[in-house]
Structures are given as structure tokens and as C-alpha cells.
Amino acid sequence: MQCNNFKIVVSGDICINSLYWITDPQKNNGLNWQNNLNMHSILLPGEALLLTKLVTLATGSFVLSPEIQDLESVVLKEYIRAVAEVEPFPVFATKKNNDKVYRVKRFLGFAGPSVGQSKLLPIKNDDANADMVIIDDENNGYHSNEKFWPLALKTPQKEPIVLYKMSNPINSTILWKQLEKYHIDKTIVVINSDDLRSKGVNISKSLSWERTAQDFVWQINNSPNLAFLAQCRHLIVLFGLEGAIYHRNDGVAESRLYFLPYEFEGGSVADSQGKMSGFTSCFVAGIARSIVLGHESNEEIVTSIGEGIREGIVATQKYFIAGFGKKIEEDPFPHPEIFIEGENDFIYKEHVQDVAIRLSDNTTCQSCWYILKDKSSTNLAEIAYSIVKNGVQHALKFIPIAQFGNLQTVDRGEIESYRSIKNLMWEYISTTNAPRPLCIAVFGTPGSGKSFGVTEIAASIAPTLIKKLNFNLSQLRTPLDLINAFHKVRDFCLEGKLPLVFFDEFDSAFEEKLGWLKYFLAPMQDGVFREGDSLHSIGKAIFVFAGGTSSTLKEFCGEDIEDEQEYKQFLLGFKGAKGPDFLSRLRGYVNILGPNQTNQHSDQLFIVRRAMLLRALLERKVPHLINDRGEAQIDNGVLRALLKIPRYKHESRSMEAILEMSLLTNAKKWEQSYLPSKEQMKLHVDEEEFLRHLMHDTFFSEKIESLSIAIHEKYRELNEGNLNVDSDFLKKWEELDEDLKESARSQARRIPNALLTINYDVVSVKETPPILEFTEKELDMLAIYEHTSWCRYQKNIGWKKGDVKDKMQKTNPTLVNWRILPKEKKNMVYQMVTIWPEILANANFKIERLKFLCDCETKI
């Protein structure tokens, strides 16, 4: 990229990075100093000096900026210096290669003038006519020293684009007042999320992109500390190397999240890879690059910013991977290929996804927003089918997925819970002096996989350090059995391992309801247990209490008891069993969501969880049913039944059992005939409901003819004598041309997909169901869908738009967009879709609301 007709000025605080590293002795028989460890150092540009280099690389423009020709010749004590120790680190954390680059091992701190302010530098050959001004304000004095500001900011009538990299979000600086007064319309503020958090802005970190995004929008709308930023025309907040939020305010505020689907904030950098500084500068340079490119093609600034965020995220990733180079004294820094797209790059702009941030006015529905649903043009059932058929990576290519070892989840609630537990475990493992075990509770129905999730999280953090132990409290007979269990935990600690101890069915009865709780209080609080007159220290351990009788924390605490008298009675027993004392010692909990829907109103993604579990079972147990293209060979009826059956009696164990009971050893496809018998299915599902889902397509296909006839005859009945209706449509079914009959059959086949657009499914039932009445908006959506589909069908069989209807020429004046369709023709379509519920009910098909919608989404 080369652009010489776009003037850019970069200015800001000045810093010099002073890096040190140690190498082995150069010689074994040389001078004394050569026979010892050698210390090396290098000076590299930081802050505005680094930003200048990055912008130059990114834009190819001639950049006007402060200059230091030779860093080694400057009087260091006049400038701020960032001091760090560096060493070679693996280029990638997971890829198996031996390549290493220099990165920061530890930041040692800052050095600067002993008295007075650090030195600032003027802009060499400054130009008041600059097209863009980029400021690096690190809160080190530049924002209060007008002498060093660019002329384009100080000269009246000048309106450059301003990219303002802000590290201290306050509105009291002289520089901000200048920008606010004269340049706010064209100022783009870029700030790192950690700088906001350091000012007390409560934005969650590394839980889920939905939570982070909604936290930000709430804060920007409600926090007094951010009121001045909320008024910015353009505000960009960077979240690690993995995401950013663009908040735009042109009178109506809107926010957009940009993110890497398979990473969360901070997730793409492992501790084993070292650290780097300068990410925000690199990100800003990516935005500058896009603005320059957009200027050349007369692109709107909003579009350029969106593309620039993608550029910036990709550039920061490549900047980190490049580090200071393999040979720190020889390799250029920053690396010149950071902003060049290569054929073998590990990341591309297309990997960065974006979505509008939804913030419901209904506080009870905040958690119903899933990027999965907003990013997909299909409904959750179709996504679930695709997961099983084509695999998770293919079906959820652009959707946030959390992976912990072999555990994958897209459910926002599970992601947030699991990441919270991972953060707790990581902090605990990193602590050198832990006085007590880390205590976590896990709830879920039997077979939901309570131990699997936590085990995978632990293994993903420290697989060689953590060792698992299991004790089922319902099988222990006396407190002495528990003491023996604690001794085993101690033994693991003495071996240098960190025990991950599962106490299954901790809520089972012993002597009384919840009788085991009191025996855990001292070990949980003080890290000791008593044996006779002796106290024994347990050591560093993670206690995981898995519920056996309670499927959620809320149920364990009795909060779902609606009867007031019954709840009071429960509380008396709960307090007597030391329930509140036990809860106070927990540091986290997870409600494990199995393949069953836990709550009809809030648990929307159960069908996706089922799909991911089923795909995992197929890959693990019957891999021969997955072809070379990764496509699972499974009958559509079997798939529909497995995904849509209301309940598995034993959660994931039932799904696994059905697969194991099927005759699949030598099968090439999971056909319906390979399923276990109806009597055997009764062990794990309602066999009648399973059969109805299994045969749904068959049932519906068998009734296409009768449905088509019923729709036609009902339509005839309603329009007898109506002169506006084509006379062909008023003939009896047996008198119709075959073309018209096939058109009616095509309409009947479309009904299930049409109903999906308004969040309904068609279910075969034994008895005639009540007739549903559509809302006005639902009828609008159905009518538009039906007319559009009918036009597509007619064009596929050779019809085209014409002034008159002509069977020979195959022309029809109604083959037009719904928007310009005459009113009387629209009314005919409305009439057609209005009779669907009656026709379906008479054929024993029930129109049923989809089960994976929040209450706020069900009303159309």
C-alpha cells in the first residue's frame, strides 16, 4: 500500500522501551566476563514513537511526527523509559514447532526524570492541512502541553479526522476540551477496556462476548464516569487481542461488537508465550490504514471504521506473534509484514465477526440475547441439524464457542459459568500460599455430565499437576470414612499433585437431611480435619461438591418453593443442617445443562446442546458413519426424533444408550430400522412421542395430497361467487389441471417452513388439536413468505411476469414483488394462509410454538 496524497500527523507522549536479556557464556576459555552469563540491552521506540512506525507501515503514507534519529545517542534520563526483561518464547502456544521469538518475560517498571516532566518532542515539519491527526495520550503530560499539539488541532477552520488513543478516560484535560469544542464530530476515541476497568467501570472479562457487550452498553448509558464518552460520535473500546466494541452516536446511539468466534478476551495469548506492549497502538494503526483506503474510494467514515476494526484485530494478533523477532538485535521492529495479508497467515479479516449489540428494556430478558441467534439466518432447529450432519466447526463457523479440553459449549449460561470456574481455578493454582481448599459446587440432573465439565476445565489449565479423586458420599457409612477420604487427599498433596476431589451426592442424607454438610465446614474454612484429638492439614486442593438430589443451586437453597409456609419449614431444616454456613464457604458454582430443557422460558439452546452431544457421540462411538467430507450418515427422521423428543429420562446417558442399543456396527447409515424396539426405547424416552417425531416427515408427506385438496376446497367455499378470483381456482379438485394441482401440493409442502418463520413447528398428534389463530403481524409474515415462495415456484416451472395471464405464453401479472402486488391479490394470499390452521388441525397436525425462544421473542 502506498499513499502519498493523504497527510498524517502523529503526536503524543514519548517513551523509550529499554529491553534486557541474558544469554549463556559466549566462550568457555575467553576473558572472565565472557565465561559468565552475559547481559544484553537494546532501546526501541515506545508510545508516540512506536505508533508512528506502525502507522507508517500500515498506511504507506509519509507521516509527520516527533523524531529521534538515534535512540542510543539520547540522554535517557530526559525521557520516560519502560524497562522490561525479554527472552525467547514459543511463537505459538499449541502448534508443535521449535520456532521462538523474543517477548517480554516481565515488566520491571518505568524510569524517568528525577525532577520535572519528561521530555516531549515537537512534530517535524508539522502541517496545519493534515488530513488525519493521530494522538497517543498516555497521561504523561502531553495532554496539558499545548505547545506540542499538531497545528491542525490548533488552527481555526481546520477539520482533520482525529484518532485519539486515550489511556486515561477523564474529560478534564485541556486536550479533551479542545477536541470537544472544535473537533468532536470527526474525533474517533480509541481506549483499551482495561483502562476503563481501572477507573471502576464494571465490565465483565472473559465470561462471554454477550455479557461483556451488554455490560459495556449498560455502563456507557448509565455510568457518570463515561457520560462524556457516551456523547462521542465514534468510540472504540478494545478488548484484548480478540474483540472490540464500536459505539456510534449520531443522535441515536448504537453499539456493535467485533469478535473472534473461537476466542474470548485474553484467550489467544498463553502465559507460556510471554507478553508484549503496544497492542492498542497497533490496533489504531489498523484503523488508520482503513481510513486512508476509504478516503481513496470515497467510502463513508463509518464503513472505514468497521473495516479498520477488523484490520486492527488482525494486526494485533500478528504483532504479538512476531514479537521482537527471532534475533532481537537484527530483526526489524515492528515487523514489516504485520499489515500485509499473506497466503499462509493464521488469521484473516474474514475471521473477525460483527453483530449489533442487543439490549432489551426488559431486565429479565437480558440473558436471552445469543450471538448464535443473531448471526444465523436460520432457526435453532436447522442449526442443530447442521451440527449433527456437518460437524460443529462447519455449522458454527462464525459463532462464539468455548472449548475446555474435550468440552465444547455454545450456551451463554454454560460459557459464563465454566469460564468463571476456570478463572477461579487459575487464580487458586497461581497462589503460592493457599490456606484452604478451593470449594466449588456443581448441580445438574443425573446423567447431565457434572464431573465431565469441571474435569475438562481443570485439565485444560494444568493437566500434569491436577489429579482427580472421587468419593460418593451416599456410599459412606460413618464420619470415619470421610476422614479416610481426607487422608487420601493429603497423600496426593504430598506427592506434589493438586487433588481435584469430587464429593458426589454431597446433598444426600446422613443421620438427617443434608447430614454431611457439617463435617465439611472446618476443612472448607480452615483447611484442616480432625481425627480424634489430632488436627491434620489437608493442603492445597480443589473440592468439587456435586449435587445428587438438587439439579440447581436454586433448588438446593429451596428458592423454587412457592408455598410460603413450606419455604419457612425448609429454611428451618436448612439452617439446622448448616446449609448457609456451607454456602458461605463456596467460591463458585455451575448448573450443568444436559440435553433436556431445564426451563421452557429461559433455556433456549437445549436443542443445540443435544446436537453437539449427539455429534460427539457419533464421532466417538460410530466414526464409520461419518464420511470423508465430515457428513454424518443419519436418517432425517432419526435425527429429528433424537433432537426434538421433549425429554430424555436419564439425560445424556439415555442418548448414549439409544445409540449403543442401535444396530450400527456394520451399518453405512443410521436408518430407522436400526433403532431399538419400541419396548426398549421406553427405558429412555416416551416411545410414542419419539415415534411421532420419527415418522413426522412420513406422516406429513403421506397427507400432502389430502392437505392440498382440503386447502383448495376450503378456498373454493370461501370465494364462491367472487368475481375477483381466477375461475380456475373455483373448479373442483378433480377438474383442475395437473399444473394447478401440483402448485397446490407445493404450497402444502411449504407450510412447515413458512410456520418456522413465525416461530412455529408442525407436530403430528393423536387427537384433533384446537385451531390456532394467527396475529395480524404473523399473517403479514406468512403472506409475504407464501407469495414470495409461490413466485419462485412459478418461475422455476417457466412462468414469467406479463400484462395478462396467458397459459400458452406462461405469463402472469401477479409475479411481482409483494410490495407492488395489488391489494385484492394480497387479500387472496391472506385468505389462503388464514385457513392453514384449520386444515392442519383437521389432519391431526398441531401448530406448536418453538421451545427454544425467550418469552420476549415469542410474541410477533
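Quick caveat: nothing in here was measured; it's all calculated off a predicted structure.

So, how was this worked out
- Residues numbered from 1 in each chain as written.
- Predicted model: local features only at pLDDT ≥ 70, side-chain atom pairs only at ≥ 80, totals over all residues.
- Heavy atoms only, no water.
- Helix = DSSP H or I, 4+ residues; strand = E, 2+ residues; numbered from the N terminus.
- Buried < 20%, exposed > 50% of the residue type's maximum accessible area, 1.4 Å probe, protein only.
- Contact = heavy atoms within 4.5 Å.
- Areas by Shrake-Rupley, 256 points an atom, 1.4 Å probe, with all protein chains shown as cover.
- Phe/Tyr/Trp six-rings, centres within 6.5 Å; stacked < 30°, edge-to-face > 60°.
- Lys NZ or Arg CZ within 6 Å of the ring centre and 35° of its normal.
- Patch = residues over 30% accessible without salt bridge, like charges linked within 9 Å, V, L, I, M, F, W, Y side chains within 5 Å.
- Salt bridge = Lys/Arg side-chain N within 4 Å of Asp/Glu carboxyl O.
- Core = buried A, V, L, I, M, F, W, Y, C linked by side-chain atoms within 4.5 Å.
- Pairing = 2+ DSSP bridges.
- Axes fitted to C-alpha atoms, helices over the stretch in contact; angles between N-to-C directions.
- Parallel < 35°, antiparallel > 145°, perpendicular 65-115°, else oblique.
- Left-handed = near helix turned anticlockwise from the far one by under 90°.
- Nonpolar A, V, L, I, M, F, W, Y, C, P; charged D, E, K, R; others polar.
- Expected span 1.5 Å × (residues − 1).
- Right-handed = clockwise from strand over helix to strand, strands pointing away.
- Lys, Arg positive; Asp, Glu negative; His and termini not counted.
- Charge placed at Lys NZ, Arg CZ, Asp CG, Glu CD.
- Polar contact = N/O pair within 3.5 Å; in protein donor to acceptor, adjacent residues only side chain to side chain.
- Disulfide = S-S within 2.5 Å.

Undergrad: I keep staring at the overall build of the protein and nothing clicks. Help me out?
TA: Counting its secondary structure elements, the protein contains 30 helices and 26 strands. Dimensions of the protein, computed from the C-alpha atoms along their principal axes, are close to 105 × 90 × 60 Å. Sorting the 860 residues of the protein into buried and exposed places 52% on the buried side. Within the protein, contacts between residues at least 6 apart in sequence are counted, and of these 73% link residues at least 24 apart. Accessible area for the protein stands at about 40,700 Å²; split by element, carbon and sulfur atoms hold 48% of it.

Undergrad: So what exactly am I meant to see when it comes to the packing of aromatic side chains here?
TA: The description of an aromatic ring pair uses the distance of the two centres, along with the angle that the planes make with each other. Here the structure, examined in full by the defined rule, presents 36 aromatic pairs. Over the ring of Phe502 we find Lys468, and its NZ or CZ is 5.0 Å from the ring centre.

Undergrad: In this structure, what is going on with a nonpolar patch on the surface? I would like to understand it.
TA: A surface patch of nonpolar side chains, about 420 Å² in accessible area, is lined by Tyr20, Ile22, Leu37 and Met39. Tracing the sequence through the fold places Met39 in strand E3 (residues 38-46). For Met39, a relative accessible area of 57% puts it in the exposed group.

Undergrad: Would you mind going over the nonpolar core with me for this structure?
TA: Within soluble globular proteins, side chains that are nonpolar generally end up buried alongside one another. By size, the foremost hydrophobic cluster in this structure holds 70 residues, and its most contacted members are Leu229 and Met425. Residues within four places of Leu229 in sequence aside, it is in contact with Met166, Pro169, Val189, Leu196, Ile220 and Leu235. Ranked by size, the runner-up nonpolar core spans 58 residues in total, among them Cys282, Ala288, Ile321 and Phe324.

Undergrad: Quick question: what am I supposed to make of the sheet that holds strand E6 (residues 100-111) here?
TA: Within a sheet, each strand pairs with its neighbour through backbone hydrogen bonds, oriented either parallel or antiparallel. The strand order E3-E2-E5-E6 describes an open sheet built from 4 strands, whose pairing is mixed. Strand pairing shows two members of the sheet lacking a second neighbour, E3 and E6, which therefore form its edges. Going from strand to strand, the sheet's axes swing by 30° on average, the running direction of each strand aside. Relative to E6, strand E5 (residues 80-90) is paired through 10 bridges, and the arrangement is antiparallel. Residue Pro90 lies in a different strand from E6, and its bridge partner there is Lys100. Taken strand by strand, helix H1 (residues 47-59) contacts strand E2 (14-23) and E3, and its axis lies near 75° from that of E3.

Undergrad: Is there a simple way to explain the pattern of salt bridges in this structure?
TA: It is possible for side chains of opposite charge to pair when their charged atoms get near one another. Considering all chains together, one arrives at 47 salt bridges under this definition. Between Glu631 and Arg629 there is a salt bridge, with the nearest N and O atoms lying 3.0 Å from each other. Here Lys714 makes a salt bridge to Glu838, at a shortest N to O gap of 3.5 Å. Of the two residues, Lys714 sits in helix H25 (residues 704-719) while Glu838 sits in helix H29 (residues 836-842), which places them 124 residues apart along the sequence.

Undergrad: Quick question: what am I supposed to make of the sheet that holds strand E1 (residues 8-12) here?
TA: Read across the open sheet, the 9 strands follow the order E4-E1-E7-E8-E9-E10-E11-E12-E13; overall the sheet is mixed. Each edge of the sheet is formed by a strand with only one pairing partner; in this case those strands are strand E4 (63-64) and strand E13 (353-356). Bridging between E1 and strand E7 (residues 132-137) involves 5 bridges; their strand directions are parallel. Directly across from Ser11, in E7, lies its bridge partner Ile135. Sitting on the sheet, helix H3 (residues 174-182) is in contact with E7, strand E8 (161-166) and strand E9 (187-192), with an inclination near 150° to E8. Most of the contacts of helix H8 (residues 301-322) go to strand E11 (residues 243-249), to which it runs at about 165°, and overall it touches E8, E9, strand E10 (234-239), E11, strand E12 (253-259) and E13.

Undergrad: Looking at this structure, how should I read the packing of helix H26 (residues 738-756) against helix H27 (residues 776-796)?
TA: Relative to each other, H26 and H27 sit at 135°, their axes nearing to 10 Å. When the axes of H26 and H27 are compared, the pair comes out oblique. The handedness of the crossing between H26 and H27 is right-handed. Contacts between H26 and H27 pair Glu742, Ser743, Ser746, Gln747, Arg750, Asn753, Ala754 and Leu755 from the former with Leu782, Tyr785, Glu786, Ser789, Trp790, Tyr793 and Gln794 from the latter. Its residues placed into classes, the contact of H26 with H27 shows 6 nonpolar, 6 polar and 3 charged.

Undergrad: In this structure, what is going on with helix H19 (residues 606-621)? I would like to understand it.
TA: Since the α-helix advances by 3.6 residues per turn, residues separated by three or four positions end up pointing in the same direction. End to end, H19 covers 22 Å across 16 residues, agreeing with the expected 22 Å (1.5 Å per residue, within 8%). When H19 is considered as a whole, its buried residues turn out to be Phe606, Ile607, Val608, Arg609, Arg610, Ala611, Met612, Leu614, Arg615, Leu617 and Leu618.

Undergrad: Can you walk me through the pairing of E3 in this structure?
TA: Every other side chain in a regular strand lies on the same face of the sheet, so the side chains alternate between the two faces. Across the 9 residues that make up E3, a large majority, 7, are buried. Across 9 bridges, E2 lies against E3 in antiparallel orientation. Looking across to E3, one finds that Ile16 is bridged to Pro45.

Undergrad: Looking at this structure, how should I read the pairing of strand E18 (residues 498-504)?
TA: Burial of E18 is extensive: 6 of the 7 residues sit out of reach of the surface. The β-α-β motif built from strand E17 (residues 466-472), the intervening helix H14 (residues 479-494) and the parallel element E18 has right-handed crossover chirality. Here 5 bridges tie E18 to strand E21 (residues 542-546), and the two strands are oriented parallel to one another. Counted as the bridge partner of Leu500 is Ile542 from E21.

Undergrad: So what exactly am I meant to see when it comes to the packing of helix H10 (residues 380-390) against H19 here?
TA: Packed helices, taken two at a time, are described by the angle between their axes plus the distance between the axes. Between H10 and H19, whose axes approach to 8 Å, the crossing angle comes to 10°. Put simply, H10 runs roughly parallel to H19. Contacts between H10 and H19 involve Leu380, Ala381, Ala384, Ile387, Val388, Lys389 and Asn390 from the first element and Ile607, Val608, Ala611, Met612, Leu614, Arg615 and Leu618 from the second.

Undergrad: Can you walk me through a negative patch on the surface in this structure?
TA: A contiguous patch of negative charge on the surface is contributed by Glu559, Asp560, Glu562, Asp563 and Glu566. For Glu562, the position within the fold is in the loop between helix H16 (553-556) and helix H17 (564-576).

Undergrad: Any chance you could explain H1 here in plain terms?
TA: Between its first and last C-alpha, H1 extends 18 Å over 13 residues, near the 18 Å set by a 1.5 Å rise per residue. Across the 13 residues that make up H1, a large majority, 10, are buried. If you check which residues of H1 are buried, you get Glu47, Ala48, Leu49, Leu50, Leu51, Thr52, Leu54, Val55, Ala58 and Thr59. After H1 finishes, the residue Gly60 shows a positive phi value of roughly 70°.

Undergrad: Where do I start with the side chain of Arg585 in this structure?
TA: Tracing the sequence through the fold places Arg585 in the loop between helix H18 (579-584) and strand E22 (588-591). Here Asp581 takes part through its backbone oxygen, which lies 2.9 Å from a polar atom of the side chain of Arg585. Among residues more than four places away in sequence, those in contact with Arg585 are Cys439, Leu521, Met524 and Gln525.

Undergrad: I would appreciate a short explanation of the state of the cysteines in the present structure.
TA: Formally, a disulfide is one covalent bond, and it connects the sulfur atom of one cysteine to the sulfur atom of another. The final tally for this structure, using the stated rule, is 0 disulfides. The cysteine Cys282 is free of any disulfide, with Cys15 supplying the nearest cysteine sulfur at 17 Å. The class of Cys282 is buried, set by a relative accessible area of 0%.

Undergrad: Honestly, the side chain of Ser65 in this entry has me stumped. Any pointers?
TA: For Ser65, the location among the structural elements is in the loop between E4 and E5. Residues in contact with Ser65, not counting those within four places in the same chain, are Val10, Thr52, Pro122, Ile123 and Lys124.

Undergrad: What's the story with unusual backbone geometry in this structure? I'm lost.
TA: Excluding glycine, residues mostly carry a negative phi; peptide bonds, for their part, are mostly trans. Here the residue pair Phe333 and Pro334 is connected by a cis peptide bond, since its omega of -5° sits within 30 degrees of zero. Along the chain, Pro334 turns up in the loop between H8 and E13. Of note in this structure, Glu47 is not a glycine but carries a positive phi near 50°. Turning to its location among the elements, Glu47 is positioned in helix H1.

Undergrad: Could you clarify how one ought to interpret the environment of Cys15 in this entry?
TA: Inspection of the secondary structure assignment puts Cys15 in strand E2. You can call Cys15 buried: its relative accessible area is 2%.

Undergrad: Please clarify how the environment of His234 should be interpreted in this entry.
TA: Tracing the sequence through the fold places His234 in strand E10. C-alpha of His234 to C-alpha of Glu159: the two residues are 75 residues apart in sequence and 15 Å apart in space.

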